[in-house]
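# Inside the fold
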Amino acid sequence: AVVTASLALLLIGGEAQAQALSLAQVVTETEKNNLDLQLIEEQTFQAKNQVGTAWTLLSPKVQANANYTINKQAIELNFADSIPEEFADFFDADSVEPTVIQAKRYADMNVSVIQPIFSPESLPLLRGAYTMRDAAYAQEADIRLQVRAGAAQAYYGLAVAREAVEITRQAH
């Protein structure tokens, strides 16, 4: 309130070069430059963001990962060499391919979507986030009213003081 009154006095009082301001202009300038109001506006912004954060417990999540691996050497197991000679006639030696145990190079990737169906812990968090947001709105409105009232009080206090000075001048 002291900062508000001082600001209002600076805006409308002082030197002869100062421009006379209307009450609406004083209130507007006071709201624009009041640190308490700026702080509470930031707190309200943060409280609004907490609602969105609380909803993340119920929102789908997408996870993606990818890997590319280069090994020193490939490891293969060739079963064609281990087929007994009495069974060799049943297999075409050229059609038996080696089994790759470890490739020289390979890539893999995975993309998953996770959608919570029910999250019991999200309900109190959501309720709390909405309550904090509503409380921040109410607190901001209260501070705004206090700032406006302080500006109006300073404005009319200065107007009364100027009138008293003028009456004193006329009396002498």
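Everything in this summary refers to the structure shown in the same document.

Cut-offs applied
Residues numbered from 1 in each chain as written. Predicted model: local features only at pLDDT ≥ 70, side-chain atom pairs only at ≥ 80, totals over all residues. Heavy atoms only, no water. Patch = residues over 30% accessible without salt bridge, like charges linked within 9 Å, V, L, I, M, F, W, Y side chains within 5 Å. Areas by Shrake-Rupley, 256 points an atom, 1.4 Å probe, with all protein chains shown as cover. Salt bridge = Lys/Arg side-chain N within 4 Å of Asp/Glu carboxyl O. Helix = DSSP H or I, 4+ residues; strand = E, 2+ residues; numbered from the N terminus. Buried < 20%, exposed > 50% of the residue type's maximum accessible area, 1.4 Å probe, protein only. Pairing = 2+ DSSP bridges. Axes fitted to C-alpha atoms, helices over the stretch in contact; angles between N-to-C directions. Parallel < 35°, antiparallel > 145°, perpendicular 65-115°, else oblique. Left-handed = near helix turned anticlockwise from the far one by under 90°. Contact = heavy atoms within 4.5 Å. Nonpolar A, V, L, I, M, F, W, Y, C, P; charged D, E, K, R; others polar. Core = buried A, V, L, I, M, F, W, Y, C linked by side-chain atoms within 4.5 Å.

## Structural notes on a nonpolar patch on the surface
- Among the surface-exposed residues, V62, M109, V111 and V113 lie close enough to one another that they form a single nonpolar patch of about 450 Å² accessible area.
- For the nonpolar patch, the leading source of residues is strand β4 (residues 105–114), giving 3 residues.
- Along the chain, V62 falls in strand β1 (residues 61–70).

## Some details on the pairing of β1
- Little of β1 is tucked away: 0 of the 10 residues are buried.
- In this structure, β1 lies alongside β4, joined through 10 bridges in antiparallel fashion. Bridge assignment links I70 to a residue of β4, and that residue is R105.

## A look at the packing of helix α2 (residues 23–33) against helix α4 (residues 122–171)
- Two elements in contact, α2 and α4, have axes separated by 9 Å at closest approach and are oriented at 135°. Our classification of the angle between α2 and α4 gives oblique. Crossing of α2 against α4: the hand is right-handed. For the pair formed by α2 and α4, the contact residues are L23, V26, V27, T30 and E31 on the first element and R144, V147, R148, A151, A152, Y155 and Y156 on the second.
- Of the residues assigned to the contact of α2 with α4, the class counts are 8 nonpolar, 1 polar and 3 charged.

## Regarding the pattern of salt bridges
- Under the criterion given, the structure shown has 7 salt bridges.
- Between R144 and E31 there is a salt bridge, with its nearest N and O atoms 3.9 Å apart. Pair noted here: R144 is in helix α4 and E31 is in helix α2, with a separation of 113 residues, a long-range link. For the pair shown, R144 and E31 are each scored as buried.

## Overview of the nonpolar core
- L21, V26, V27, A151 and Y155 together form the largest nonpolar core, which totals 5 residues.
- Sorting the residues of this core by element identifies α2 and α4 as the ones contributing at least two each.
- With sequence-adjacent residues up to four places away left out, V27 is seen in contact with R148 and A151.

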